[in-house]
Amino acid sequence: MSTPELVIKDLHVAVEGKEILKGLSLNVGKGEVHALMGPNGSGKSTLANTLMGHPRYEVTSGDILFKGESVLEMETDERSRLGMFMAFQYPVGIPGLSVANFLRAALNARLAPTATDGNGAMPQRKGINPKEFRTLLREKMALLKMDESFATRYLNDGFSGGEKKRAEILQMALLKPEIAVMDETDSGLDIDALRIVSEGVNALAGPEMGVLVITHYNRILNYIKPQYVHVMVDGRIQVSGGPELALELESRGYDWVRDGKEVVAG
Ligand code: ADP
Ligand code: MG
């Protein structure tokens with residue numbers, strides 16, 4: 001048995017002095033799809049932001065290991081180069097910057113050697129050449145059934161909710177993270193966007209990538225089939241199980257998890 005790529009150990013996180021995560025443990029391995037569910041305010045987005053190193057979230061104890069190494073002291077870009085990825089819930093628009101140019105810059109940043117690569121003798125990689133990049137981009141856009149004209153538009157500038165999600169998924173396809181975290185909670189995710197995210201995850205998930213889908217609504221689980229479902233309440237995972245747990249939440253809501261802390265086998 002190999003160690004899972006992402007190991008979260010008894011994580012405690014505070015925001016502005018208030019403890020939000022209160023001892024959360026979770027493992028996600030390559031090739032696995034996990035769904036993390038929970039009511040509003042339970043700390044789901046706090047976990048996603050903490051994983052990527054948002055400076056506002058203070059880890060007070062516990063650890064986050066990625067490929068066996070603690071990432072707590074790493075900047076966000078370093079975590080990305082190691083193979084972590086988070087899709088933004090509300091991606092920002094950048095008029096004047098085309099989707100293609102943005103993606104090429106992102107890919108080159110991802111390919112740059114990390115500080116932890118060690119042996120200084122390694123030549124710096126110059127990045128992908130434009131022709132190679134165009135071929136790769138075309139390939140990924142075809143995989144995601146996207147029109148090629150999309151790449152020439154300005155990033156998220158006037159994009160619909162669904163198009164913004166598409167840009168995130170395309171970025172994920174190019175960066176090929178080993179672990180992808182998608183925070184899809186809250187409002188603003190219409191059925192169209194939901195379907196796009198799901199189809200993208202289904203097209204990209206495989207033996208080389210693990211996915212953590214964070215969601216308040218279980219309707220996304222009609223499209224993505226996770227092997228593992230976790231329910232978070234009050235900063236901790238209270239129950240874990242298989243897909244049947246999501247169905248149970250659909251019929252019973254979250255209260256039984258909060259009140260009874262029943263243990264579900266699986
Ligand atoms: P969820 O995503 O499950 O709805 P959040 O992680 O967004 O939950 O929020 C959990 C709790 O942390 C809430 O009480 C929220 O008010 C608080 N919180 C989260 N982020 C911040 C922040 N940046 N500043 C202040 N409080 C925050
Ligand atoms: Mg949230």
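In case you missed it, the structure is sitting above this.
Since the structure is predicted, the reported quantities are computational estimates derived from the model, not experimental observations. The numbering scheme is per chain: residues are counted from 1 as the chain's sequence reads. Whichever chain is written first becomes A and whichever ligand is written first becomes 1, with later ones labelled in order. It should be noted that, the model being predicted, local features are given only for residues of pLDDT at least 70 and side-chain atom pairs only at 80 or more, the latter also being counted only at that level, while totals for whole chains, interfaces and linings use all residues.

Draft legend 1. Up close: the site of ligand 1. Nearness is defined per residue: the C-beta atom, placed using the backbone, must lie within 6 Å of the molecule or strand. Around ligand 1, the surrounding shell holds 13 residues, and the nearest of these are Ile20, Ser42, Lys44, Ser45 and Thr46. Looking at which element gives the most residues to the shell around ligand 1, the answer is helix H1 (residues 44-51), with three residues. Throughout, the ten residues Ala, Val, Leu, Ile, Met, Phe, Trp, Tyr, Cys and Pro are labelled nonpolar, Asp, Glu, Lys and Arg are labelled charged, and all others, Gly among them, are labelled polar. Its residues placed into classes, the shell around ligand 1 shows two nonpolar, eight polar and three charged. Helix numbering and strand numbering both begin at the N terminus, where a helix is a DSSP run of H or I of at least 4 residues and a strand a DSSP run of E of at least 2.

Draft legend 2. Spatial organisation of the pairing of strand E1 (residues 6-15). Strands qualify as paired when DSSP identifies two bridges or more between them. One ladder, built from eight bridges, connects E1 with strand E4 (residues 57-66); its direction is antiparallel. Residue pairing in the sheet places His12 in a bridge with Ser61 of E4. Of the pairings in the sheet, the one linking E1 to strand E2 (residues 18-28) comprises eight bridges and is antiparallel in character. Bridging across to E2, Leu11 finds its partner in Leu24. Between the end of E1 and the start of E2, which pair antiparallel, lie two residues, with Glu16 showing a positive phi angle near 45°.

Draft legend 3. Spatial organisation of the sheet that holds strand E10 (residues 210-215). Strand order in this open sheet of six strands is E6-E9-E10-E3-E11-E12, and the pairing throughout is mixed. With one partner strand each, in any of the chains shown, strand E6 (84-87) and strand E12 (236-241) form the two edges of the open sheet. Taken over all neighbouring pairs, the strand axes of this sheet differ in orientation by 20° on average, direction set aside. Angular values range over 0 to 180 degrees, each being the angle between N-to-C directions of two axes fitted as lines to C-alpha atoms, with helices fitted over their stretch in contact.

Draft legend 4. Geometry of the environment of Glu178. Along the chain, Glu178 turns up in the loop between helix H5 (161-175) and strand E9 (179-183). We call two residues in contact when their backbone-placed C-beta atoms lie within 7 Å. Those residues in contact with Glu178 that sit more than four places away from it in its chain are Glu5, Lys30, Gly83, Glu208, Met209 and Gly210.

Draft legend 5. Inspection of the sheet that holds E2 at higher detail. Ordered by their spatial adjacency, four strands build an open sheet running E2-E1-E4-E5, and the pairing between neighbours is antiparallel. Every interior strand has two partners, whereas the edge strands, E2 and strand E5 (69-70), have only one. With two bridges joining them, E4 and E5 adopt antiparallel strand pairing. By the bridge assignment for E5, Leu65 is matched with Ser70. Against the sheet, H1 makes contact with E1, E2 and E4, and its axis sits at roughly 65° relative to E4, the strand it touches most.

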